[in-house]
Amino acid sequence: MSQSLYLALGLGALALLAGLNLALFVSLGRQGDERRRMIVQKASAHTLCVLVAYLVLCVVEDFVRGAFLDLAADPLNPFVLLTVIAMVYFAHLLYYKRKFGG
């Protein structure tokens, strides 16, 4: 495959992920009835739990790298972190919409 095809696929994936991040913020800002608010609240709470578990795992990994392997800690990329949060949030949102019929 040529480099231009890889570049086009990369830019397409980047645009898709940026759109997913934008949709996350739009979804959180919309108003709705009690059922919709409950669905968003549950999806947000579970996303926060996943995020905290991921960050704890990163801290433990950096500690092990520094203490036992004498390697430098890898910094977190904010765009990647936000994209992972958006994907986890939308997975939970779809699950709770299907479960509660929102």
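These remarks concern the structure in this document. (Residues numbered from 1 in each chain as written. Predicted model: local features only at pLDDT ≥ 70, side-chain atom pairs only at ≥ 80, totals over all residues. Heavy atoms only, no water.)

A word on helix α2 (residues 34-67). Helix length check: α2 (34 residues) gives 49 Å between terminal C-alpha atoms against 50 Å at 1.5 Å per residue, within 8%. Listing the buried residues of α2 in full gives Arg36, Ile39, Val40, Ala43, Thr47, Leu51 and Cys58. (Helix = DSSP H or I, 4+ residues; strand = E, 2+ residues; numbered from the N terminus. Expected span 1.5 Å × (residues − 1). Buried < 20%, exposed > 50% of the residue type's maximum accessible area, 1.4 Å probe, protein only.)

Before going further, it helps to spend a moment on unusual backbone geometry. Working note: non-glycine residues mostly have negative phi, and peptide bonds are mostly trans. Of note, Asp70 is a non-glycine position whose phi angle comes to about 55°, a positive value. Mapped onto the fold, Asp70 is located in the loop between α2 and α3 (78-100). For Asp70, a relative accessible area of 66% translates into the label exposed.

Listed in full, the 9 residues of the largest apolar core are Leu24, Ile39, Val40, Ala43, Ala86, Tyr89, Phe90, Leu93 and Tyr96. Counting only elements with at least two residues in this core, the list comes to α2 and α3. Examining the composition of this core, we find that 5 residues originate from one element, α3, more than from any other. Beyond its immediate sequence surroundings of up to four residues, Leu24 is in contact with Leu82, Ala86, Tyr89 and Phe90. (Core = buried A, V, L, I, M, F, W, Y, C linked by side-chain atoms within 4.5 Å. Contact = heavy atoms within 4.5 Å.)

Here the structure, examined in full by the defined rule, presents 4 aromatic pairs. Here Tyr96 and Phe100 contribute two aromatic rings whose centre-to-centre distance is 6.0 Å and whose plane-to-plane angle is 10°, an arrangement assigned as stacked. Placement of the pair is Tyr96 and Phe100 together in helix α3, with a separation of 4 residues, close to one helical turn. Residue Phe100 is classed as partly exposed on the basis of its relative accessible area, which comes to 28%. Here a set of aromatic residues connected by ring pairs shows up, and it is made of Tyr95, Tyr96 and Phe100. (Phe/Tyr/Trp six-rings, centres within 6.5 Å; stacked < 30°, edge-to-face > 60°.)

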